[in-house]
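Observations on chain architecture
So the chains spell out like this:
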Amino acid sequence: MDAYTALTRGGSPWTPEFVVSLNQKTCIGCGRCYKVCPRDVLSLEDRDEEDMDEDMDEDQMSVMTIKNAMDCIGCGACGRVCPKNCYTHSAMPVGA
Ligand code: SF4
Ligand code: SF4
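To keep things clear, this report deals only with the structure shown in the data block. (Residues numbered from 1 in each chain as written. Chains lettered and ligands numbered in written order. Predicted model: local features only at pLDDT ≥ 70, side-chain atom pairs only at ≥ 80, totals over all residues. Heavy atoms only, no water.)

Another aspect to go through is the overall build of the chain. A count of helices and strands for the chain gives 2 helices and 6 strands. Element order for the chain, N to C, with α for helix and β for strand: β-β-β-α-β-β-α-β. The buried share among the 96 residues of the chain stands at 29%. Look at the contacts in the chain between residues 6 or more apart in sequence, and 67% of them connect residues 24 or more apart. Entry remark: accessible area of the chain is about 6700 Å², with carbon and sulfur atoms responsible for 47%. Across the chain, the mean location of the 9 positive side-chain charges is 12 Å away from that of the 16 negative side-chain charges. (Helix = DSSP H or I, 4+ residues; strand = E, 2+ residues; numbered from the N terminus. Buried < 20%, exposed > 50% of the residue type's maximum accessible area, 1.4 Å probe, protein only. Contact = heavy atoms within 4.5 Å. Areas by Shrake-Rupley, 256 points an atom, 1.4 Å probe, with all protein chains shown as cover. Lys, Arg positive; Asp, Glu negative; His and termini not counted. Charge placed at Lys NZ, Arg CZ, Asp CG, Glu CD.)

As structure tokens, then:
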């Protein structure tokens, strides 16, 4: 596929990788991704009780959610700082 490509300030092609999904089963609610996201994409929310596993402790009462995926600029920062490798990113096909 031809991926949507942006340019760096110096004019070099750069392919944004947009956030596609977040594995809430592995998320520990640490908030690192939220702190580095430059856009209004992510939101830390209370975990539903039915989503709690027996081995989860109180720190895991919160879980990150993708609340506004359309605001993502594809910088990839959330995935780089996540200690649990929760994120999946993907380039966007031209015309999508
Ligand atoms: S890729 Fe960048 S803009 Fe998109 S959710 Fe992650 S940190 Fe935010
Ligand atoms: S950095 Fe990873 S583990 Fe931490 S809140 Fe974000 S998605 Fe969850």
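Here the focus is the side chain of Thr65. Examined against the element boundaries, Thr65 turns out to sit in strand β5 (residues 62–66). Classification of Thr65 as buried rests on a relative accessible area of 15%. From its side chain, Thr65 meets the backbone oxygen of Ser43 in a polar contact 2.8 Å long. Once residues lying within four places of it in the same chain are set aside, the contact partners of Thr65 are Leu22, Gln24, Val41, Leu42, Ser43 and Glu45. (Polar contact = N/O pair within 3.5 Å; in protein donor to acceptor, adjacent residues only side chain to side chain.)

The calculated volume of the largest pocket comes to roughly 230 Å³. Around the largest pocket, the lining residues are Phe18, Val19, Val20, Ser21, Ile66, Ala69, Met70, Cys72, Ser90, Ala91 and Met92. Tallying contributions element by element places strand β3 (residues 18–22) first for the lining of the largest pocket, with 4 residues. Looking at side-chain class alone, the lining of the largest pocket contains 9 nonpolar, 2 polar and no charged residues. (1 Å grid on protein atoms, 1.4 Å probe; cavity = no way out; pocket = protein on both sides within 12 Å on 5 of 7 lines; lining within 4 Å. Points joined across faces, edges and corners; volume = space filled by probe spheres on them. Nonpolar A, V, L, I, M, F, W, Y, C, P; charged D, E, K, R; others polar.)

Counted under the stated rule, the structure contains 2 salt bridges. Ionic pairing is found between Asp71 and Arg39, a salt bridge with its closest N-O pair at 2.8 Å. Of this pair, Asp71 sits in the loop between β5 and α2 (77–81) while Arg39 is found in the loop between α1 (32–36) and β4 (42–46), placing the two residues 32 residues apart along the sequence. Take Asp71: its relative accessible area is 19%, and that puts it in the buried class. (Salt bridge = Lys/Arg side-chain N within 4 Å of Asp/Glu carboxyl O.)

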